[in-house]
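Summary of structural features
Each chain is listed here by its residues.
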Amino acid sequence: MQELGDWPTGKVGYVAIVGRPNVGKSTFLNATLGYHLAAVSSCPQTTRRRWRGILSDDDSQIIFVDTPGVHEQNTRLGNFMLESVQRSLQDADVVLCVCDGRRAPGAEDEMVTERVAAAGQPVILVVNKTDVATAEQQAEIRQFYTDRIDGIFAQFAISALRGDKLDEVLALIREQMPTGPFFYPPDQVSDAFERDIGAEMIREAALQYLHQELPHALAVEIVEWQDTGKKLKIIANLYVERDSQKPMVVGKNGEMLNQIRADAVKLLRELSDMFVDLRIHVKVADKWRNKKRFLEDMGLMDG
Ligand SMILES: Nc1nc2c(ncn2[C@@H]2O[C@H](COP(=O)(O)OP(=O)(O)OP(=O)(O)O)[C@@H](O)[C@H]2O)c(=O)[nH]1
Ligand SMILES: [Mg+2]
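All chains use their own residue numbering, which begins from 1 and follows the written sequence. Here chains are named by letter from A upward and ligands by number from 1 upward, in the order in which they appear as written. Residues qualify for local features only when their pLDDT is at least 70, as the model is predicted, and side-chain atom pairs are given and counted only at 80 or more; totals for whole chains, interfaces and linings, by contrast, use all residues. Only heavy atoms go into the side-chain values, all of them from the structure, while hydrogens and water stay out.

What follows deals with the sheet that holds strand β11 (residues 275-284). For two strands to pair, DSSP has to find at least two bridges joining them. Note on conventions: DSSP H or I runs of at least 4 residues are helices, E runs of at least 2 residues are strands, and numbering of each starts at the N terminus. On the basis of which strands lie adjacent, the open sheet formed by 3 strands has the order β9-β10-β11 and mixed pairing. The open sheet terminates on both sides in strands that have one partner only, identified here as β9 (219-227) and β11. Geometrically, the sheet is characterised by an average inter-axis angle of 15° between neighbouring strands, direction not taken into account. Two strands pair when backbone bridges link them, and β9 and strand β10 (residues 231-240) are joined in this way by 8 bridges, in the antiparallel orientation. For V220, the partnering residue across the bridge sits in β10 and is L238. Note on geometry: axes are C-alpha line fits, over the in-contact stretch for helices, and angles between N-to-C directions span 0 to 180 degrees.

Set out below in structure tokens:
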């Protein structure tokens, strides 16, 4: 490492992680960073804005940008999600295009390839979920992507869930980064506020139970985030879109909400290493996915 004053320099750059919803982009990010930054769930469109995870060592700093899955959308939120993918593609030094090795190519893969090809950036193709995909399935999706994106200069078959081949992907990414000063202090792991990550953890906990019924209707707002150094006191609003959805979240005798709360506390404790006192209020915000003001307040337009 060369020092620029006290500021480190090395291989430094941005990697945009893009792909269809549910292919494992956020799982890849968390596994590569070695901690749980981005919400993961079995429901498509879990990620709603871009999340930057920063991986530094003595000689390099890679800024991974996890993006929302590319999909057909018909809401204001959906528009912002696609815009944030577009911006991330433009800003990237390398694009990591992730596809699901187990699924036959479809309309959303077509959308991804169009966007990635148009961005004209160097692309690493990552075929994920090889732990559950047959060789034929992997070959089919790989062919689909390589036929459509000229910029692909390397390909990997990985399992983000198991951690297979992640080191190899990372080594190639490091090699490809330009040289320059670090963008962030070496000990910084994300540019996101802890309370925003906390809100995602609560949403992830809720999605575990409600992804069938309410995959897209949930939003979490942190009303209070008090950190005493030993204890984290959090009050959060969990929004649904209609009155009729409230009982699903609360459950019989409040059991569902208790379960969500308990799981969220577990995730928040891992995040903060502190005792967590969490209160969740379930609220209704009518058609919030189309309301600019609400999306602004929730930080969903900053992506
Ligand atoms: N079997 C298997 N499942 C995986 C793998 N990687 C991710 N998954 C699962 O796939 C689902 C989606 O993972 P996410 O990481 O949330 O996917 P994403 O691409 O970020 O999805 P969006 O944010 O909706 O665009 C989760 O249930 C993961 O556990 C893998 O390598 N193998
Ligand atoms: Mg995601």
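From this point, the narrative continues.
By secondary structure assignment, the location of R162 is in the loop between β7 (152-157) and α5 (166-176). Type-normalised accessible area, obtained with a 1.4 Å probe on protein chains alone, sets the label of each residue: buried when under 20%, exposed when over 50%, and partly exposed for intermediate values. With relative accessibility at 58%, the residue R162 sits in the exposed group. Separated by 31 residues in sequence, R162 and D131 have C-alpha atoms that sit 7.8 Å apart.

For the rest of this paragraph, the subject is the packing of helix α3 (residues 107-119) against helix α4 (residues 135-148). When two helices pack together, you describe them by how their axes are tilted relative to each other and by the distance separating the axes. Put simply, α3 and α4 touch, their axes get as near as 9 Å, and they point 35° apart. The hand of the α3/α4 crossing is right-handed. Within the contact between the two elements, α3 uses D109, E110, V112, T113 and A117 and α4 uses I141, F144, Y145 and R148. Partitioned by chemical class, the residues of the contact of α3 with α4 number 5 nonpolar, 1 polar and 3 charged. Here a crossing is called left-handed whenever its near helix is offset anticlockwise from the far helix by less than a right angle, and right-handed whenever the offset is clockwise. The criterion used for residue contact is that any of the two residues' heavy atoms lie within 4.5 Å. Polar here means any residue outside two lists: the nonpolar Ala, Val, Leu, Ile, Met, Phe, Trp, Tyr, Cys and Pro, and the charged Asp, Glu, Lys and Arg; Gly therefore counts as polar.

The next subject is the pattern of salt bridges. Only one rule defines a salt bridge in this text: a Lys or Arg side-chain nitrogen within 4 Å of an Asp or Glu carboxyl oxygen. One pass over the full model with this rule turns up 14 salt bridges. Here R174 makes a salt bridge to D57, at a shortest N to O gap of 3.4 Å. In this pair, R174 is assigned in helix α5 and D57 in the loop between β3 (51-56) and β4 (60-66), connecting sequence segments 117 residues apart. For R174, a relative accessible area of 24% gives the class partly exposed. Overall, the relative accessible area of 31% leaves D57 in the partly exposed class.

Our focus in this paragraph is the domain arrangement of the chain. Each domain of the chain was delimited in the assignment, giving domain 1 (2-181) and domain 2 (194-297). Domain limits in this description derive from either an automatic procedure or a database domain assignment. Of note, the centres of domain 1 and domain 2, computed from C-alpha atoms alone, are 27 Å apart. Across the contact, 19 residues belong to domain 1 and 19 residues belong to domain 2. A 1.4 Å probe defines the accessible area here, and the buried area is the portion of it lost by two parts on being joined, summed over both. Summed over both partners, the interface of domain 1 with domain 2 comes to about 1,600 Å²; 59% of that surface belongs to carbon and sulfur atoms. On the domain 1 side of the contact with domain 2, H36, R48 and R76 bury the most area, a combined 33% of that side's loss. Where domain 1 meets domain 2, there are 1 salt bridge. Across the pair R49 and D196 runs a salt bridge whose closest N-O atoms are separated by 3.9 Å. It is helix α2 (residues 76-91) that contributes the most residues to the side of domain 1 that touches domain 2, 3 residues altogether. Here the residues of the side of domain 1 that touches domain 2 are counted per class, giving 9 nonpolar, 7 polar and 3 charged.

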